[in-house]
Amino acid sequence: GAGVSQSPSNKVTEKGKDVELRCDPISGHTALYWYRQSLGQGLEFLIYFQGNSAPDKSGLPSDRFSAERTGGSVSTLTIQRTQQEDSAVYLCASSLTGLGTEAFFGQGTRLTVV
Amino acid sequence: QKEVEQNSGPLSVPEGAIASLNCTYSDRGSQSFFWYRQYSGKSPELIMSIYSNGDKEDGRFTAQLNKASQYVSLLIRDSQPSDSATYLCAVGPSGGGADGLTFGKGTHLIIQP
């Protein structure tokens, strides 16, 4: 596609349920990033993929969070047993090589845990 | 731990004036630097990238990089109310590094009509 695509755009879930967020990067981009942004706050780094591997998992807030990327393309961020503090906008970005090249963001998924 | 520091603001600038946004970074080996603009409720949008010391101009925007001082700035000339947004500074990895981008927390810019 022309840009980074994220789905769903909005997700409302009940506390304790699992959710999956999807990111489809720009075609040919090998690097993919997940960030989280709470209302009025800065970007919180979650995880970075280079191809299918994740050299940097340091940002995942807890073991309820996991992410995978298959085929060097689509990535899924999974949050198990969601809590209210997980409510935020989850942003995905991709870049051509990840070695300091420009990153482009998707429109984000707004997650609300009720 | 790599750090990117920005003044959170708000920075208030009258319409038509020059807005100056600043950023410092901790990783002396970083090779790439970016400025993103984020409107409220929207995702960040890349507006400038700079890789070499000196100035890079694109329309009303000028990015300035000083690697010796570990300092990067963004100047917006003839500021317009539509420039009101949060501006995020991002820094790439050291040469040969495989890390991702590190973002500052952003500066909230307000252009007063």
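The shown structure was predicted, so the numbers you read here are calculated from the model rather than taken from an experiment.

Caption draft 1: Here's a closer look at the sheet that holds strand E1 (residues 4–5) of chain B. All names here are of chain B. One open sheet holds the five strands; their spatial order is E1-E3-E8-E7-E6, and the pairing between them is antiparallel. One side of each edge strand has no neighbouring strand; the edge strands of this open sheet are E1 and strand E6 (54–58). The sheet contact formed by E1 and strand E3 (residues 19–25) spans two bridges and is antiparallel. Bridged to Glu5 within E3 is Thr24.

Caption draft 2: Just the side chain of Ser30 of chain B, in detail. Counting through the fold element by element, Ser30 of chain B comes out in the loop between E3 and strand E4 (33–38). Discounting chain neighbours no more than four positions away, the residues touching Ser30 of chain B are Tyr25, Lys67, Val91, Gly92, Pro93 and Ser94 of chain B.

Caption draft 3: A look at the nonpolar core. Residues and elements named next belong to chain B. In this structure, Trp35, Val72, Leu74, Ile76 and Tyr87 are the most contacted members of the largest nonpolar core, which totals 23 residues. Every element with two or more residues in this core is listed here: E3, E4, strand E5 (45–50), strand E7 (61–66), strand E8 (71–76), strand E9 (85–91) and strand E11 (107–112). Excluding anything up to four places from it in sequence, Leu74 contacts Ala19, Ser20, Leu21, Trp35, Ile47, Met48, Phe61, Thr62, Ala63 and Tyr87.

Caption draft 4: Broad picture of the pairing of E11 of chain B. All names here are of chain B. Residues of E11 alternate between two faces, with Thr107, Leu109 and Ile111 buried on one and His108, Ile110 and Gln112 left unburied on the opposite face. Sheet topology note: the strand E2 (residues 11–14)/E11 ladder contains four bridges and is parallel. Within E11, the residue paired with Val13 across the bridge is Ile111. In terms of strand pairing, E9 meets E11 through three bridges, oriented antiparallel. The partner of Ala85 across the bridge, within E11, is Leu109.

Reading the values: rules and limits
Residues numbered from 1 in each chain as written. Chains lettered and ligands numbered in written order. Predicted model: local features only at pLDDT ≥ 70, side-chain atom pairs only at ≥ 80, totals over all residues. Heavy atoms only, no water. Pairing = 2+ DSSP bridges. Helix = DSSP H or I, 4+ residues; strand = E, 2+ residues; numbered from the N terminus. Contact = heavy atoms within 4.5 Å. Core = buried A, V, L, I, M, F, W, Y, C linked by side-chain atoms within 4.5 Å. Buried < 20%, exposed > 50% of the residue type's maximum accessible area, 1.4 Å probe, protein only.

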